[in-house]
Amino acid sequence: MTVPVVLSIGTFDSSGGAGTHADVKAAASVGCFLATVLVGVTAQNTMGITKRHSIPLDMIEAQFAAINADLEISALKVGATWSPSVISAIAAISDRLDVPCVIDPVMGAASGAILGKGDSLRNSICREYLPRATLLTPNLQEARTIAELPSADAPELASWIRAQGASAVVVTMGDDPRGDYFLHNGNGQWLGRVPHPEPLDHGAGCTHSTLVASLLARGLVLRESVVRAGVLSSKAVHHGLAEIGGGRHPVDALNLQARWSDVTS
(Lines give C-alpha, C1' and ligand atoms only; values in the text may rest on other atoms or scores of the structure.)
Protein backbone atom coordinates (compact mmCIF):
# COMPACT_ATOMS: atom_id res chain seq x y z
CA MET A 1 0.00 0.00 0.00
CA THR A 2 1.26 3.48 -0.86
CA VAL A 3 2.26 5.57 2.15
CA PRO A 4 0.06 8.72 2.13
CA VAL A 5 1.69 12.15 2.18
CA VAL A 6 0.33 14.74 4.60
CA LEU A 7 1.35 18.37 4.19
CA SER A 8 1.76 20.35 7.40
CA ILE A 9 1.91 24.14 7.17
CA GLY A 10 3.10 25.37 10.54
CA THR A 11 5.79 26.57 12.89
CA PHE A 12 9.10 25.17 14.11
CA ASP A 13 9.43 24.51 17.87
CA SER A 14 13.13 24.53 18.80
CA SER A 15 12.52 22.20 21.76
CA GLY A 16 11.03 19.52 19.51
CA GLY A 17 7.78 19.05 21.40
CA ALA A 18 5.16 20.92 19.41
CA GLY A 19 4.65 22.45 15.97
CA THR A 20 6.04 20.62 12.97
CA HIS A 21 8.14 18.34 15.17
CA ALA A 22 4.98 17.00 16.79
CA ASP A 23 3.33 16.75 13.37
CA VAL A 24 6.09 14.53 11.95
CA LYS A 25 5.82 12.12 14.88
CA ALA A 26 2.02 12.04 14.85
CA ALA A 27 1.86 11.31 11.13
CA ALA A 28 4.52 8.61 11.41
CA SER A 29 2.62 6.93 14.25
CA VAL A 30 -0.21 6.05 11.84
CA GLY A 31 1.98 5.26 8.86
CA CYS A 32 1.97 8.56 6.99
CA PHE A 33 4.80 10.61 5.51
CA LEU A 34 4.81 14.30 6.47
CA ALA A 35 6.07 17.16 4.31
CA THR A 36 6.29 20.62 5.84
CA VAL A 37 5.98 24.24 4.85
CA LEU A 38 7.44 26.35 7.63
CA VAL A 39 5.75 29.70 8.18
CA GLY A 40 7.48 30.61 11.45
CA VAL A 41 10.30 29.72 13.82
CA THR A 42 10.11 29.94 17.61
CA ALA A 43 12.82 29.94 20.25
CA GLN A 44 10.87 27.74 22.62
CA ASN A 45 11.13 25.18 25.39
CA THR A 46 8.69 23.45 27.74
CA MET A 47 8.38 26.62 29.83
CA GLY A 48 7.60 29.14 27.13
CA ILE A 49 8.49 31.05 23.97
CA THR A 50 11.29 33.61 24.12
CA LYS A 51 11.39 34.78 20.51
CA ARG A 52 9.64 34.20 17.20
CA HIS A 53 10.38 34.89 13.54
CA SER A 54 8.08 34.86 10.52
CA ILE A 55 9.22 33.18 7.30
CA PRO A 56 9.04 35.57 4.30
CA LEU A 57 6.04 35.04 2.06
CA ASP A 58 8.13 34.23 -1.02
CA MET A 59 9.90 31.46 0.90
CA ILE A 60 6.56 30.04 2.04
CA GLU A 61 5.42 29.93 -1.58
CA ALA A 62 8.73 28.39 -2.71
CA GLN A 63 8.46 25.61 -0.14
CA PHE A 64 4.94 24.75 -1.23
CA ALA A 65 5.75 24.93 -4.94
CA ALA A 66 8.66 22.50 -4.50
CA ILE A 67 6.54 20.02 -2.56
CA ASN A 68 3.50 20.27 -4.80
CA ALA A 69 5.58 19.74 -7.93
CA ASP A 70 6.93 16.42 -6.70
CA LEU A 71 4.72 14.85 -4.01
CA GLU A 72 1.11 13.67 -4.17
CA ILE A 73 -0.53 15.28 -1.14
CA SER A 74 -3.43 13.40 0.45
CA ALA A 75 -4.36 15.77 3.29
CA LEU A 76 -3.47 19.22 4.61
CA LYS A 77 -2.93 20.19 8.23
CA VAL A 78 -2.54 23.88 9.15
CA GLY A 79 -0.96 24.85 12.46
CA ALA A 80 0.35 27.91 14.24
CA THR A 81 0.97 31.31 12.77
CA TRP A 82 0.61 34.81 14.21
CA SER A 83 0.50 36.85 10.98
CA PRO A 84 -2.63 37.83 9.03
CA SER A 85 -0.57 38.05 5.83
CA VAL A 86 0.70 34.50 6.35
CA ILE A 87 -2.85 33.30 7.01
CA SER A 88 -3.87 34.76 3.65
CA ALA A 89 -0.96 32.98 1.98
CA ILE A 90 -1.95 29.68 3.60
CA ALA A 91 -5.53 30.15 2.44
CA ALA A 92 -4.31 30.63 -1.12
CA ILE A 93 -2.26 27.45 -0.87
CA SER A 94 -5.23 25.46 0.43
CA ASP A 95 -7.28 26.62 -2.55
CA ARG A 96 -4.75 24.91 -4.84
CA LEU A 97 -5.21 21.54 -3.14
CA ASP A 98 -8.28 19.35 -3.48
CA VAL A 99 -7.71 17.44 -0.22
CA PRO A 100 -9.18 17.42 3.30
CA CYS A 101 -8.01 20.45 5.29
CA VAL A 102 -7.65 20.21 9.08
CA ILE A 103 -6.94 23.59 10.69
CA ASP A 104 -5.66 24.00 14.25
CA PRO A 105 -5.98 27.75 14.96
CA VAL A 106 -3.15 27.86 17.50
CA MET A 107 -2.97 31.09 19.48
CA GLY A 108 -0.78 29.96 22.36
CA ALA A 109 1.54 27.26 23.65
CA ALA A 110 0.75 24.74 26.40
CA SER A 111 3.09 26.73 28.64
CA GLY A 112 0.71 29.69 28.42
CA ALA A 113 2.89 31.72 26.04
CA ILE A 114 0.80 33.74 23.56
CA LEU A 115 1.63 33.35 19.88
CA GLY A 116 -0.89 35.80 18.50
CA LYS A 117 -3.83 37.92 19.55
CA GLY A 118 -5.86 40.92 18.48
CA ASP A 119 -8.73 41.67 16.16
CA SER A 120 -6.65 41.44 12.97
CA LEU A 121 -5.58 37.88 13.74
CA ARG A 122 -9.07 36.81 14.80
CA ASN A 123 -10.65 38.42 11.74
CA SER A 124 -8.15 36.68 9.45
CA ILE A 125 -8.91 33.31 11.03
CA CYS A 126 -12.65 33.84 10.60
CA ARG A 127 -12.38 35.17 7.04
CA GLU A 128 -9.69 32.88 5.64
CA TYR A 129 -9.73 29.67 7.67
CA LEU A 130 -13.31 28.91 8.62
CA PRO A 131 -14.73 28.65 5.06
CA ARG A 132 -11.86 26.36 4.04
CA ALA A 133 -11.78 23.99 7.01
CA THR A 134 -12.89 20.42 6.59
CA LEU A 135 -12.37 20.40 10.35
CA LEU A 136 -11.39 23.18 12.77
CA THR A 137 -9.76 21.97 16.01
CA PRO A 138 -9.56 24.86 18.51
CA ASN A 139 -9.16 24.30 22.21
CA LEU A 140 -11.78 25.88 24.45
CA GLN A 141 -9.94 29.18 24.93
CA GLU A 142 -9.16 29.51 21.23
CA ALA A 143 -12.81 28.83 20.35
CA ARG A 144 -13.93 31.50 22.82
CA THR A 145 -11.50 34.00 21.30
CA ILE A 146 -12.55 33.22 17.73
CA ALA A 147 -16.27 33.50 18.55
CA GLU A 148 -15.81 36.43 20.96
CA LEU A 149 -17.88 34.52 23.51
CA PRO A 150 -15.63 34.49 26.59
CA SER A 151 -17.85 32.38 28.83
CA ALA A 152 -19.54 30.07 26.29
CA ASP A 153 -19.30 26.31 26.50
CA ALA A 154 -18.18 24.03 23.67
CA PRO A 155 -21.60 23.32 22.05
CA GLU A 156 -22.40 27.02 21.63
CA LEU A 157 -18.92 27.75 20.35
CA ALA A 158 -18.97 24.88 17.86
CA SER A 159 -22.34 26.03 16.53
CA TRP A 160 -21.04 29.58 16.06
CA ILE A 161 -17.92 28.38 14.24
CA ARG A 162 -19.95 26.01 12.07
CA ALA A 163 -22.31 28.86 11.14
CA GLN A 164 -19.33 30.87 9.89
CA GLY A 165 -18.45 28.22 7.32
CA ALA A 166 -16.35 25.45 8.85
CA SER A 167 -17.60 22.06 7.66
CA ALA A 168 -17.02 20.51 11.08
CA VAL A 169 -15.58 21.49 14.46
CA VAL A 170 -14.04 19.64 17.36
CA VAL A 171 -13.44 21.75 20.46
CA THR A 172 -10.67 20.06 22.41
CA MET A 173 -11.22 20.27 26.14
CA GLY A 174 -7.95 19.24 27.78
CA ASP A 175 -8.67 17.59 31.13
CA ASP A 176 -12.45 18.13 31.02
CA PRO A 177 -14.03 14.78 32.00
CA ARG A 178 -16.71 15.19 29.31
CA GLY A 179 -14.06 14.81 26.59
CA ASP A 180 -13.97 16.81 23.34
CA TYR A 181 -17.05 18.22 21.61
CA PHE A 182 -17.56 17.30 17.94
CA LEU A 183 -20.09 18.98 15.62
CA HIS A 184 -20.67 17.69 12.09
CA ASN A 185 -23.70 17.64 9.79
CA GLY A 186 -25.81 19.30 12.45
CA ASN A 187 -25.07 16.59 15.00
CA GLY A 188 -23.10 17.46 18.11
CA GLN A 189 -21.70 14.98 20.60
CA TRP A 190 -19.22 14.69 23.43
CA LEU A 191 -16.41 12.28 22.65
CA GLY A 192 -15.39 10.78 25.97
CA ARG A 193 -11.74 9.91 26.51
CA VAL A 194 -9.13 9.64 29.23
CA PRO A 195 -8.39 13.18 30.52
CA HIS A 196 -4.91 14.60 29.93
CA PRO A 197 -2.66 14.03 32.96
CA GLU A 198 -1.18 17.52 32.85
CA PRO A 199 1.52 18.75 32.55
CA LEU A 200 2.36 16.05 29.97
CA ASP A 201 0.68 17.98 27.18
CA HIS A 202 3.27 20.00 25.24
CA GLY A 203 2.33 19.35 21.62
CA ALA A 204 -1.01 17.68 22.41
CA GLY A 205 -3.07 19.94 20.14
CA CYS A 206 -0.62 19.66 17.24
CA THR A 207 -0.55 15.89 17.65
CA HIS A 208 -4.35 15.63 17.71
CA SER A 209 -4.98 17.72 14.59
CA THR A 210 -2.21 15.99 12.63
CA LEU A 211 -3.59 12.60 13.59
CA VAL A 212 -6.99 13.60 12.20
CA ALA A 213 -5.42 14.78 8.93
CA SER A 214 -3.31 11.62 8.69
CA LEU A 215 -6.25 9.30 9.29
CA LEU A 216 -8.22 11.17 6.62
CA ALA A 217 -5.24 10.66 4.31
CA ARG A 218 -5.46 6.96 5.15
CA GLY A 219 -9.06 6.94 3.87
CA LEU A 220 -11.06 6.99 7.10
CA VAL A 221 -14.24 9.06 7.21
CA LEU A 222 -14.24 12.25 9.26
CA ARG A 223 -16.04 11.01 12.37
CA GLU A 224 -13.90 7.89 12.66
CA SER A 225 -10.76 9.99 12.11
CA VAL A 226 -11.77 12.37 14.90
CA VAL A 227 -12.65 9.59 17.33
CA ARG A 228 -9.47 7.62 16.69
CA ALA A 229 -7.34 10.75 16.83
CA GLY A 230 -8.80 11.57 20.25
CA VAL A 231 -7.88 8.12 21.55
CA LEU A 232 -4.39 8.19 20.06
CA SER A 233 -3.58 11.70 21.22
CA SER A 234 -4.68 10.78 24.75
CA LYS A 235 -2.28 7.82 24.60
CA ALA A 236 0.46 10.19 23.46
CA VAL A 237 -0.16 12.31 26.55
CA HIS A 238 -0.25 9.20 28.73
CA HIS A 239 3.19 8.26 27.39
CA GLY A 240 4.38 11.87 27.85
CA LEU A 241 8.06 12.37 28.55
CA ALA A 242 8.07 13.68 32.12
CA GLU A 243 11.87 13.61 32.26
CA ILE A 244 12.22 16.10 29.38
CA GLY A 245 12.03 19.77 30.33
CA GLY A 246 10.97 21.56 33.47
CA GLY A 247 7.59 22.90 32.32
CA ARG A 248 4.82 21.32 30.24
CA HIS A 249 6.50 18.07 29.24
CA PRO A 250 6.17 16.82 25.63
CA VAL A 251 3.69 14.21 24.50
CA ASP A 252 5.05 11.01 22.97
CA ALA A 253 3.06 9.85 19.94
CA LEU A 254 5.65 7.19 19.13
CA ASN A 255 5.92 5.63 22.62
CA LEU A 256 9.70 5.91 22.46
CA GLN A 257 10.50 3.77 25.49
CA ALA A 258 8.59 0.84 23.99
CA ARG A 259 10.47 1.29 20.71
CA TRP A 260 13.80 1.21 22.53
CA SER A 261 12.69 -1.97 24.28
CA ASP A 262 11.92 -3.49 20.88
CA VAL A 263 15.43 -2.66 19.70
CA THR A 264 17.14 -4.16 22.74
CA SER A 265 14.96 -7.24 23.15
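Structure: see above.
All of these numbers come straight from a predicted model, not from anything done at the bench.

Enquirer: Before we move on, can you summarise the overall build of the chain with the specific residues and values?
Expert: Secondary structure assignment for the chain yields nine helices and nine strands. Looking at the 265 residues of the chain, the share that counts as buried comes to 51%. Mean positive and mean negative side-chain charge positions of the chain (19 and 24 charges, respectively) differ by 2 Å.

Enquirer: Explain helix 6 (residues 154–163) to me, and be specific about the residues and the numbers.
Expert: Among all positions in helix 6, only Ala154, Leu157, Ala158 and Ile161 are buried. Projected down its long axis, helix 6 shows its buried positions confined to an angular sector of 100°, all on one face. Turning to helix 6, the residues buried within the fold contact strand 6 (135–136), helix 5 (140–147), strand 7 (168–171), strand 8 (180–184) and strand 9 (187–191).

Enquirer: Kindly report on the nonpolar core, identifying the contributing residues and their values.
Expert: Leu7, Ile9, Val37, Ile125, Tyr129 and Ile161 are the most contacted members of the largest nonpolar core, which totals 42 residues. Apart from residues no more than four positions distant in its own chain, Ile125 is found in contact with Ile87, Pro105, Met107, Leu130 and Ile146. One finds Cys32, Leu135, Leu191 and Leu211 within the second-largest nonpolar core, a separate group that totals 23 residues.

Enquirer: Give a detailed account of the side chain of Arg122, specifying residues and quantitative values.
Expert: With respect to the secondary-structure elements, Arg122 resides in helix 4 (residues 119–129). Look at Arg122 and you get buried, because its relative accessible area is 11%. Only 2.7 Å separates the side chain of Arg122 from the backbone oxygen of Ile146, close enough to count as a polar contact. Not counting the four nearest positions on each side in its chain, Arg122 is found in contact with Thr145, Ile146, Ala147, Glu148 and Trp160.

Enquirer: Which residues make up the pairing of strand 2 (residues 33–45), and what are the values?
Expert: Here nine bridges tie strand 1 (residues 5–13) to strand 2, and the two strands are oriented parallel to one another. Bridging across to strand 2, Leu7 finds its partner in Ala35. Two elements, strand 2 and strand 3 (residues 48–54), share six bridges in a ladder whose sense is antiparallel. Its bridge partner lying in strand 3, Val41 is registered against His53. Hairpin connection of strand 2 to strand 3: two residues between the antiparallel strands.

Enquirer: Just give me the short version of helix 5, but keep the residues and values in it.
Expert: Among all positions in helix 5, only Glu142, Ala143, Ile146 and Ala147 are buried. For helix 5, the buried positions fall inside an angular range of 125° around the axis, keeping them on one side. Here the buried face of helix 5 lies against helix 4, strand 6, helix 6 and strand 7. Near the N-terminus of helix 5, the side chain that reaches the backbone nitrogen of Gln141, with its oxygen 3.2 Å away, is that of Asn139. Following helix 5 by one or two positions, Glu148 adopts a phi angle in the positive range, close to 55°.

Enquirer: Could you give me a rundown of the packing of aromatic side chains, with the residues and numbers involved?
Expert: Inspection of the entire model under this criterion finds one aromatic pair. Ring centres of Tyr181 and Trp190 lie 5.1 Å apart, and the angle between their planes is 65°; on these two criteria the pair is classed as edge-to-face.

Enquirer: Hey, could you go over unusual backbone geometry for me, with residue numbers and the actual values?
Expert: Backbone geometry places Glu148, a non-glycine residue, at a positive phi of 55°. One non-glycine residue, Asn255, lies in positive phi territory at about 50°. Within the element layout of this structure, Asn255 appears in the loop between helix 8 (222–238) and helix 9 (256–264).

Enquirer: Could you give an account of the pattern of salt bridges, naming the residues involved and the relevant values?
Expert: Counted according to the given criterion, the structure contains ten salt bridges. Two residues, Arg248 and Asp201, come together in a salt bridge whose shortest N-O distance is 2.7 Å. With Arg248 in the loop between helix 8 and helix 9 and Asp201 in the loop between strand 9 and helix 7 (204–217), the pair connects residues that are 47 residues apart, well separated along the chain. A relative accessible area of 22% means that Arg248 is categorised as partly exposed. For Asp201, a relative accessible area of 10% translates into the label buried. Several salt bridges converge on common partners, so that one network encompasses Asp95, Arg127, Glu128 and Arg132.

Rules used in this analysis
Residues numbered from 1 in each chain as written. Predicted model: local features only at pLDDT ≥ 70, side-chain atom pairs only at ≥ 80, totals over all residues. Heavy atoms only, no water. Helix = DSSP H or I, 4+ residues; strand = E, 2+ residues; numbered from the N terminus. Buried < 20%, exposed > 50% of the residue type's maximum accessible area, 1.4 Å probe, protein only. Lys, Arg positive; Asp, Glu negative; His and termini not counted. Charge placed at Lys NZ, Arg CZ, Asp CG, Glu CD. Arc of directions from axis to C-beta. Contact = heavy atoms within 4.5 Å. Core = buried A, V, L, I, M, F, W, Y, C linked by side-chain atoms within 4.5 Å. Polar contact = N/O pair within 3.5 Å; in protein donor to acceptor, adjacent residues only side chain to side chain. Pairing = 2+ DSSP bridges. Phe/Tyr/Trp six-rings, centres within 6.5 Å; stacked < 30°, edge-to-face > 60°. Salt bridge = Lys/Arg side-chain N within 4 Å of Asp/Glu carboxyl O.

So far we have only geometry, and geometry alone does not tell us how the molecule works.
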